[in-house]
Amino acid sequence: MRFPNLENLTSLQFLVLRNCSIHDFIPNYIGKMEALSTLDLSFNKLTGKIPNNINDLTNLTYMFLTENCLSGKIPEWIVQNKFDYFDLSYNNFSETSTPNCQYNNINLASSLSSSANTTSTCLKRGLPCGGKPKYHSLFINCGGPEIEYDGNKYEADTNPGSISYFFASDDEKWAYSSTGVVYFRRYDNYYMAKNRYSLNITGPGFYQTARLSPLSLKYYGLCMINGNYNVKLHFAEIMLSHDQNFSSLGSRIFDVSIQSKQYLSDFNIMKEANGVGNGIVKEFNIDVTNNTLGIHLYYRQKGTSSVPDYGAFGPLISAISVTPNFKIPSERLSTGAIAGIVVGSCVFLILIVFILQKMGFLGGKDSKHKQLLDLKTSYFSLKQINDATNNFAPENKIGEGGFGPVYKGILSNGIAIAVKKLSSKSKQGNREFVNEIGMIFALQHPNLVKLYGCCVEGNQLLLIYEYMENNSLASALFGGQGQKMHLDWPTRMKICIGIARGLAYLHEESRLKIVHRDIKATNVLLDKDLNAKISDFGLAKLDEDENTHISTRIAGTMSVLYYIFSLYQISNLV
């Protein structure tokens, strides 16, 4: 069906169209529903991009778009902690700006398409198996502590969970993704279940607890050896009572898919097990071909949803056990393989030492090299920078600062950069150079200049920044012909507010609490849209709680001290 026409319902607060078989785009008028606080379009076939005007909905706190076919790049505003809970899991986005799967209550599990960069997806990032899967069995006590049963140790699964959540075990052997909210009620402990009515449960201890979700619960077996497995799913209904009262009237009905194939439809634990508190096992033979096992339990709007008001709907599972139906490969290495590994490791080590010596990181060089090795920056070779700047050609020079000259460059991939080159006369030495790299790379804000990386070769110290099309504020205000710009008052106000926001972030919002100490028009750069970005942290100092190292001496440019005060006033207003 097409998306229903709700354009005139501008005062709507709750819009829930879950599992309605909608094959359409998300309409732009959703972003005009100013009173909207909850938007749930899960389990449809929505396509296209997320409308950007949804960002304008100041009252929106819950947004669930899980299990659709949305594509394109995930908007930047989604990961800026605007929403209380946001779920994009199980979609086909091409790119995400955050490497995390659960970030500020945002669930991105399996949100990227197979064509996207798999190193940034939830299930592939940083896994210990690398290119060699190693696990051939899996035992999880869902929602409960570690226990032993039938000679196997079932791992604990006691993470409290949340409305929108992704969790990976410490050894990243398994993970789970959960999404869903109990509308009009808030249960902080809804995602883990215990035997609530002292039911007489016989059998393994894992039937005393369970993990549940109002909408979707998916477990992953990670880094698994490809082959055929015996998968056992253990269930027991422990949220409903066995007597004839209000808590016994509910029914829990959900579907179960494994490796994207549905195996259980309209599954009712209580009916299948002949009553509450009775354990039941569903057993399947499953092929794993991509080193990842996916077990998905999801609610399809069947059964009870509000009576009783606790635990009467959504999938629930007590335990998972996975064992191989094939002979486990021997983990012992042959003598020849061991010898080959030893020889290869020695050759590799010698090669690494040689490269480090050629780059100047070994052999008594300045301490800056060791410091730079510890920084999480991107490294550029001098050849790359020479090619980008045409060997620092004079016509590519765009400025001169306390650090030395600044040149424009174009990388081989077409990205424009600004290269700040430390001159021999610069007052900023190696310590300030390392300080600037470390602090700038640790800070991320729309009103701070982004640092791409650095280059250290021989006596060259270079910083590589994003290129600002409109140079500095000083150039725009006081530059010569071809540089000076006519800035109307709204544009000037936008620039002032941008500077104020950058300073507010440095002074109050940043974890490092940076005091810039040299704000002036030449250190404020303008991008192509005349957005202000603060640059040059060479004189910045860390302002920690003790304040034992903060100098009371006035630093920076005297002519802008009143300007800074005015910016703070503007920052407080915005």
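Residues numbered from 1 in each chain as written. Predicted model: local features only at pLDDT ≥ 70, side-chain atom pairs only at ≥ 80, totals over all residues. Heavy atoms only, no water.

Participant: Got a minute to help me understand the overall build of the protein in this structure?
Facilitator: Along its length, the protein carries 8 helices and 30 strands. Every one of the 574 residues in the protein was classed for burial, and the buried ones make up 49%. Nonlocal contacts in the protein, meaning residues at least 24 apart in sequence, comprise 63% of its contacts between residues at least 6 apart. (Helix = DSSP H or I, 4+ residues; strand = E, 2+ residues; numbered from the N terminus. Buried < 20%, exposed > 50% of the residue type's maximum accessible area, 1.4 Å probe, protein only. Contact = heavy atoms within 4.5 Å.)

Participant: Help me understand the nonpolar core, please; the structure alone is not making it clear to me.
Facilitator: Nonpolar side chains in soluble globular proteins generally cluster together in the buried interior. Within the largest apolar cluster, 57 residues are counted, with the highest numbers of intra-cluster contacts made by Tyr219, Val231, Leu233, Phe235, Leu293 and Ile317. Other than its neighbours up to four places away in sequence, Leu293 contacts Tyr219, Tyr220, Gly221, Met224, Val231, Ile258, Gln259, Ile286, Val288 and Val322. Counting 26 residues, the second-largest nonpolar core is a separate cluster that includes Ile26, Leu41, Leu46 and Phe86. (Core = buried A, V, L, I, M, F, W, Y, C linked by side-chain atoms within 4.5 Å.)

Participant: Could you clarify how one ought to interpret the confidence of the model for the protein in this entry?
Facilitator: A low pLDDT score tells you not to read the predicted coordinates there in detail. Taken as a whole, the protein shows an average pLDDT of 78; of its residues, 72% reach a score of 70 or greater. Every residue in residues 364-376 scores below 50 in pLDDT, and together they form 19 contacts with partners more than four places removed in sequence or on other chains. Across residues 542-562, confidence stays below pLDDT 50; counting only partners more than four residues off in sequence or on other chains, it has 23 contacts. (pLDDT = per-residue confidence, 0-100.)

Participant: Even after reading the chapter, I still don't get the sheet that holds strand E13 (residues 216-221), so can you show me in this structure?
Facilitator: Note: strands within a sheet are paired through backbone hydrogen bonds, in either parallel or antiparallel orientation. What the 6 strands build is an open sheet, ordered E9-E10-E13-E18-E15-E16; its pairing is antiparallel. A strand with exactly one partner marks an edge of an open sheet, and here the two such strands are strand E9 (164-168) and strand E16 (261-267). Neighbour-to-neighbour, the strand axes of the sheet open up by a mean angle of 10°, direction not taken into account. Pairing of E9 with strand E10 (residues 174-179) involves 5 bridges; the strand directions are antiparallel. By the bridge assignment, Phe166 is partnered in E10 with Ser177. (Pairing = 2+ DSSP bridges. Axes fitted to C-alpha atoms, helices over the stretch in contact; angles between N-to-C directions.)

Participant: Explain a nonpolar patch on the surface here, please?
Facilitator: Residues Phe348, Leu351, Ile352, Phe354 and Ile355 make up a contiguous nonpolar surface patch of roughly 470 Å² in combined accessible area. Exposure remark for Leu351: the relative accessible area of 45% places this residue in the partly exposed category. (Patch = residues over 30% accessible without salt bridge, like charges linked within 9 Å, V, L, I, M, F, W, Y side chains within 5 Å. Areas by Shrake-Rupley, 256 points an atom, 1.4 Å probe, with all protein chains shown as cover. Salt bridge = Lys/Arg side-chain N within 4 Å of Asp/Glu carboxyl O.)

Participant: What exactly am I supposed to notice about the sheet that holds strand E11 (residues 192-194) here?
Facilitator: Ordered in space as E11-E12-E19, the 3 strands form an open sheet in which the pairing is antiparallel. Across the chains shown, the open sheet's two edge strands, defined by having one partner strand only, are E11 and strand E19 (316-317). Pairing between E11 and strand E12 (residues 209-212): 3 bridges, direction antiparallel. Considered in E12, the bridge of Ala193 is made with Ala210.

Participant: Just checking my understanding: could you explain the packing of aromatic side chains for this structure?
Facilitator: Given two aromatic rings, their pairing is described by the distance between the two centres and the angle made by the two planes. One pass over the structure, following the stated rule, counts 15 aromatic pairs. Summarising the aromatic geometry, the rings of Phe392 and Tyr407 are spaced 5.1 Å apart at their centres and angled 75° between planes, so their arrangement reads as edge-to-face. One end of the pair, Phe392, is in the loop between helix H4 (382-389) and strand E22 (397-401); the other, Tyr407, is in strand E23 (residues 404-410), and 15 residues separate them in sequence. Judged by its relative accessible area of 12%, Phe392 falls in the buried class. Put simply, the rings of Phe139, Tyr149, Tyr154, Phe206 and Tyr207 touch in pairs and so form one group of aromatic residues. The side chain of Lys421 reaches across the aromatic face of Phe392, ending 4.3 Å from its centre. Stacked on the ring of Trp489, the Lys or Arg Arg492 has its end atom at 5.2 Å from the ring centre. (Phe/Tyr/Trp six-rings, centres within 6.5 Å; stacked < 30°, edge-to-face > 60°. Lys NZ or Arg CZ within 6 Å of the ring centre and 35° of its normal.)

Participant: Would you mind showing me how to read the pairing of strand E8 (residues 152-157) here?
Facilitator: Across 3 bridges, the pairing between strand E6 (residues 138-142) and E8 is parallel. Across the sheet, residue Asn141 finds its bridge partner in E8, namely Ala156. Here 3 bridges tie strand E7 (residues 147-149) to E8, and the two strands are oriented antiparallel to one another. Bridge pairing in E8 links Ile147 to Tyr154. Where E7 folds back onto E8 in an antiparallel hairpin, the turn is made up of 2 residues, including Asp150, whose phi is positive at roughly 55°.

Participant: It is not clear to me how the environment of Pro405 should be interpreted in this structure. Could you clarify?
Facilitator: Relative to the helices and strands, Pro405 resides in strand E23. For Pro405, a relative accessible area of 12% puts it in the buried group. As for Pro405 and Lys420, which are separated by 15 residues in sequence, their C-alpha atoms are 6.2 Å apart.

Participant: Where do I start with the pattern of salt bridges in this structure?
Facilitator: Opposite charge on two side chains permits pairing when their charged atoms draw close. In this structure the tally under the stated criterion is 9 salt bridges. Taking the shortest distance from any N to any O, the salt bridge between Asp24 and Arg2 comes out at 2.9 Å. Of the two residues, Asp24 sits in the loop between strand E1 (14-16) and strand E2 (38-40) while Arg2 sits in the segment before E1, which places them 22 residues apart along the sequence. According to the relative accessible area criterion, Arg2 is exposed, its value standing at 61%.

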